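One-letter residues, chain by chain:
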Amino acid sequence: MSKNNDELFKNVISHAKEYGFVFQSSEIYDGLSAVYDYGQYGSELKNNLKSYWWKSMVQMHENILGIDAAIFMHPTTWKASGHIDGFNDPMIDNKDSKKRYRADQLLEDRIARYEKDGKADKAAGLQIAMDQALKADDLAALRELIIEHEIACPVSGTRNWTEVRQFNLMFSTRMGAVADESDQVYLRPETAQGIFVNYLNVQKTGRMKIPFGIAQIGKAFRNEVIARQFIMRMREFEQMELQFFVRPGTEMQWYDYWKETRLKWHKALGTPAEKYRFHDHTKLAHYANAAVDIEFEFPFGFKEVEGIHSRTDFDLSQHQKHSGKKLQYFDPEINQNYIPYVVETSIGLDRMFLLTLINAYEEQDLSQGDKKDSRVVLKLHPCLAPVKAAILPLTKKDGLPEKARQVMDMLKLEHNLIYEEKDSIGKRYRRQDAIGTPFCITIDHQTLEDNTVTIRHRDSMEQERVSADKLSYLVSDLVSWKNLLS
C-alpha cells in the first residue's frame, strides 16, 4: 500500500495510540498540550533505545563514565551557563488565533513545502535569507520573510502577525515551604550542565585522564509553545548526552570523530542512509566554535535528531568563574594546567523514538489472486522490539496452555514475553506484527509428542520447527545486543 507522507504520519500516530505506544497525557481531561505518556510497549521501546545508546557510549568505551544528575540545580548554574539571559527563541503571535509560533520554524516549514513542490530555488533562497537573519539576530527581518512568503497561521488561516520577540523557554518554580522566603529554581532545560558541575567529581573519583567523557540520560523541560508534529516538540522530554573532555587544540579532531561515529550508530539500526544528512549551523550558539545536526527525513521533512557541538571551554570556564572553584586539569603529558575543551553529542530520545517508529512502520498488501489480505507490521530491530517473543498455544485445551506456560517460564527471566491464547492463530500473529514482536512461538499437539515448537519470523513470516529445549539459546542469539554492537 502506498500512502502520501501526511497519511503515513497520521497512521503512525494512530497506530502508536491503538497499540499502546504513546498516549496524550491526561487524556481523560482532554489532555495537556505538548505532553505525552508512553504506554506499555512505548516504555519498553524507549528503554531499549536507552540501552542501545548507553551500551554504545559507556559500556563500549573505557574512557566514558555515566552519571545521573538531579533535575533541580543551584540557580547560579543557569546564570553561569547563559540560560537565564540568553535561552530564548524568536516568537511571533497571530492576532486572530492568539497562537504563538517560533518564527524560524514557520519559515522552515515553508522551506520544506517549497522542496516538496519542486521549488528548489525558492527553498534555497529562503534558507539563505533566514540563516542571515538568525545570525544577525534581526527579528524584524524574520517577520518580513514570513510576510513576504505569505505564511498563514495554521489555526486561523490569516496573516495578521505581531512583531517577532524573544521568549525565554525555562520553567521556573520556588523551592521551600514558605513562598516569601523561598528561592527561585528552574526545571533544567538541558542535561549538560549536570555533567559540567560534576566534571571534577567524576574525573577524580574515576581517575580519568584526558580525553574522557561523561554520559547521561535524563529529563529536561522547555516551555515549548508549539504543540505539533506529535512527540517532536514537547515540554517534558528526555535527552541522551555525552560531554567529551579534550585537550585544547584537539577539539576539531574529536568533533569530526564523534560526528562520524554518531551517524554510524544511527545507520546500524538499518535505517536507509539516504534518510540522514548533516546540517551545519550557520549561527553558532554562544558556547560553540563548530556545530552540526544529524537530520532525519521525517514525513514532514528533514528535522534534527542529534546535535554534535564543539563547546570550547565555555561551560567549565563559566562555572569556575561563578563558583570560585578551580576546574582545571593537570596534563602530565605536556606538563600543563588547562581548562579542558568539550565536544558534545546530544540526542533527543523522544525524537529517536519517533524516528524508529516511522522507519519500522509498514503497511503490506498480502493479497493473492482473489484472496484479499494485508497487515501492518513494525519492522523493529529485534534488540529494540518491546516484546521479544510471543508464546501462543494453538488452542485453549488438550494441555497446550499448560505446555505453553512451561515454555513461558523457561524464557521470561531473560526476555520480555507475551502470552496469548485468545482468537485464531492468524489474528494473534497479526497483533504481534503490529507491536513489532520479532518471533512467535506456537505450541501445538505435536509439541506434546516430540517437544518441538514452531517459530514464526515476523519479517519473512516463515516458520521453522525447533526443539523447545533449544529455545533459550535460539531466542537469546536472535535478540542479542552483539547483533548491533559488534
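The shown structure was predicted, so the numbers you read here are calculated from the model rather than taken from an experiment.

**What about the overall build of the chain?**
Argument step 1. Scanning the chain from N- to C-terminus turns up 17 helices and 23 strands.
Argument step 2. Computed over C-alpha atoms, the radius of gyration of the chain comes to 26 Å, within 12% of the 23 Å expected from 2.2 N^0.38 for 486 residues, which places it in the range of a compact globule.
Argument step 3. If you line up the chain on its principal axes, its C-alpha atoms span 75 × 60 × 50 Å.
Argument step 4. A total of 486 residues make up the chain; the buried ones form 50% of that total.
Argument step 5. Long-range pairs, those at least 24 residues apart, make up 65% of the contacts in the chain between residues at least 6 apart in sequence.
Argument step 6. Accessible surface computed for the chain: about 23,300 Å², of which carbon and sulfur atoms make up 47%.
Argument step 7. For the chain, the distance from the average position of its 65 positive side-chain charges to the average position of its 71 negative side-chain charges is 1 Å.

**Points about the environment of His266**
Argument step 1. With respect to the helices, strands and loops of the structure, His266 is situated in helix H10 (residues 251–267).
Argument step 2. Residue classification places His266 among the buried positions, given a relative accessible area of 0%.
Argument step 3. Spatially, the C-alpha atom of His266 lies 10 Å from that of Tyr52, the residues being 214 residues apart in sequence.
Argument step 4. When near neighbours in sequence (up to four residues on either side) are disregarded, His266 contacts Thr271, Tyr276, Ile294, Val305, Glu306, Ile347 and Met352.
Argument step 5. In terms of polar contacts, His266 uses its side chain to reach the side chain of Tyr276, at 3.3 Å.

**Let's talk about the side chain of Asn48**
Argument step 1. Within the secondary structure, Asn48 is located in helix H2 (residues 40–59).
Argument step 2. On the basis of relative accessibility, which here comes to 12%, the residue Asn48 falls in the buried class.
Argument step 3. From its side chain, Asn48 meets the backbone oxygen of Ala385 in a polar contact 3.1 Å long.
Argument step 4. Other than its neighbours up to four places away in sequence, Asn48 contacts Cys383, Leu384, Ala385, Pro386, Lys388 and Trp481.

**Considerations on the layout of surface pockets**
Argument step 1. Its boundaries defined by the atoms lining it, the second largest pocket holds a volume of some 440 Å³.
Argument step 2. Forming the boundary of the second largest pocket are 24 residues, of which Leu355, Ile358, Asn359, Ala360 and Tyr361 lie nearest the centre.
Argument step 3. Those elements that place two or more of their residues in the lining of the second largest pocket are helix H1 (5–18), strand E12 (290–298), helix H12 (349–360) and strand E17 (361–365).
Argument step 4. For the lining of the second largest pocket, the element with the highest residue contribution is H12, accounting for 5 residues.
Argument step 5. A class-by-class count of the residues in the lining of the second largest pocket yields 12 nonpolar, 6 polar and 6 charged.

**Section: the packing of aromatic side chains**
Argument step 1. Applying the stated criterion across every chain yields a total of 20 aromatic pairs.
Argument step 2. Judged by centre distance (5.4 Å) and plane angle (65°), the ring pair of Phe244 and Trp258 falls under edge-to-face. Of this pair, Phe244 sits in strand E10 (residues 236–246) while Trp258 sits in helix H10; the two residues are 14 residues apart in sequence, bridging distant segments of the chain.
Argument step 3. Ring-pair connections join several aromatic residues into one group, and the members of that group are Phe9, Tyr276, Phe296, Phe298 and Phe300.
Argument step 4. The side chain of Arg262 reaches across the aromatic face of Trp265, ending 4.3 Å from its centre.

**Description of the side chain of His15**
Argument step 1. Locating His15 in the fold gives a position in helix H1.
Argument step 2. What makes His15 buried here is its relative accessible area of 6%.
Argument step 3. Setting aside anything within four residues of it in sequence, one finds His15 in contact with Phe21, Tyr361, Val376, Leu378 and Ala434.

**Considerations on H2**
Argument step 1. Spanning 20 residues, H2 covers 27 Å between terminal C-alpha atoms, matching the ideal 28 Å at 1.5 Å per step.
Argument step 2. When we look at burial in H2, the residues that qualify are Tyr41, Gly42, Leu45, Lys46, Asn48, Leu49, Tyr52, Trp53, Ser56, Met57 and Val58.

**Thoughts on the sheet that holds strand E5 (residues 100–102)**
Argument step 1. Pairing is antiparallel across the open sheet formed by 3 strands, whose spatial order is E5-E4-E6. The open sheet is flanked by E5 and strand E6 (165–168), the only strands paired with a single partner. The average undirected angle you get between the axes of adjacent strands in this sheet is 50°.
Argument step 2. Where strand E4 (residues 88–93) meets E6, 4 bridges bridge the pair, whose relative direction is antiparallel. Within the sheet, the bridge partner assigned to Pro90 lies in E6 and is Gln166.
Argument step 3. Sheet contacts for helix H5 (residues 103–116): E4 and E5; angle to E5, the most-contacted strand, approximately 70°.

**A short note on the state of the cysteines**
One way to say it: the disulfide is the covalent bond shared by the sulfur atoms of two cysteines.
Argument step 1. Enumeration according to the criterion identifies 0 disulfides in this entry.
Argument step 2. With no disulfide of its own, Cys440 lies 18 Å from the sulfur of Cys383, the closest cysteine sulfur.

**As for the packing of H1 against H12**
Argument step 1. Where H1 contacts H12, the axes come no closer than 10 Å and their chain directions differ by 110°. What the angle tells us is that H1 and H12 run roughly perpendicular. Along its contact with H1, which presents Phe9, Val12 and Ala16, the element H12 presents Leu354, Leu357 and Ile358.

**A look at the pattern of salt bridges**
Argument step 1. Here the structure, examined in full by the defined rule, presents 30 salt bridges.
Argument step 2. With a closest N to O distance of 2.8 Å, Arg311 and Asp315 form a salt bridge. An identical accessibility class is assigned to Arg311 and Asp315; each is buried.
Argument step 3. Of the charged contacts, one joins Asp423 and Arg431 as a salt bridge, the two residues approaching to 3.1 Å between their closest N and O atoms.

**So, the sheet that holds strand E21 (residues 439–443)**
Argument step 1. The 5 strands are arranged E20-E19-E21-E22-E23 in an open sheet whose pairing can be described as mixed. Whereas interior strands pair on both sides, the edge strands pair on one side only; in this sheet they are strand E20 (417–419) and strand E23 (463–467). Averaged over all neighbouring strand pairs, the angle between strand axes comes to 25°, with direction disregarded.
Argument step 2. Note that strand E22 (residues 452–457) and E23 share 5 bridges and pair antiparallel. Bridge pairing links Thr452 to Ser467 in E23.
Argument step 3. Sitting on the sheet, helix H14 (residues 425–435) is in contact with strand E19 (389–393), E20, E21, E22 and E23, with an inclination near 170° to E19.

**Some words on the nonpolar core**
Argument step 1. Ranked by internal contacts, the top residues of the largest apolar core, which has 65 residues, are Phe21, Val22, Ile231, Phe298, Phe353 and Leu354.
Argument step 2. For this core, the leading source of residues is H12, giving 8 residues.

**Regarding the pairing of E4**
Argument step 1. Most of E4 sits inside the fold, with 5 of its 6 residues counted as buried.
Argument step 2. As paired elements, E4 and E5 share 3 bridges and run antiparallel to each other. Pairing of Met91 across the sheet is with Arg102, part of E5.

Definitions and cut-offs
- Residues numbered from 1 in each chain as written.
- Predicted model: local features only at pLDDT ≥ 70, side-chain atom pairs only at ≥ 80, totals over all residues.
- Heavy atoms only, no water.
- Helix = DSSP H or I, 4+ residues; strand = E, 2+ residues; numbered from the N terminus.
- Rg over C-alpha atoms; globule rule 2.2 N^0.38 Å.
- Buried < 20%, exposed > 50% of the residue type's maximum accessible area, 1.4 Å probe, protein only.
- Contact = heavy atoms within 4.5 Å.
- Areas by Shrake-Rupley, 256 points an atom, 1.4 Å probe, with all protein chains shown as cover.
- Lys, Arg positive; Asp, Glu negative; His and termini not counted.
- Charge placed at Lys NZ, Arg CZ, Asp CG, Glu CD.
- Polar contact = N/O pair within 3.5 Å; in protein donor to acceptor, adjacent residues only side chain to side chain.
- 1 Å grid on protein atoms, 1.4 Å probe; cavity = no way out; pocket = protein on both sides within 12 Å on 5 of 7 lines; lining within 4 Å.
- Points joined across faces, edges and corners; volume = space filled by probe spheres on them.
- Nonpolar A, V, L, I, M, F, W, Y, C, P; charged D, E, K, R; others polar.
- Phe/Tyr/Trp six-rings, centres within 6.5 Å; stacked < 30°, edge-to-face > 60°.
- Lys NZ or Arg CZ within 6 Å of the ring centre and 35° of its normal.
- Expected span 1.5 Å × (residues − 1).
- Pairing = 2+ DSSP bridges.
- Axes fitted to C-alpha atoms, helices over the stretch in contact; angles between N-to-C directions.
- Disulfide = S-S within 2.5 Å.
- Parallel < 35°, antiparallel > 145°, perpendicular 65-115°, else oblique.
- Salt bridge = Lys/Arg side-chain N within 4 Å of Asp/Glu carboxyl O.
- Core = buried A, V, L, I, M, F, W, Y, C linked by side-chain atoms within 4.5 Å.

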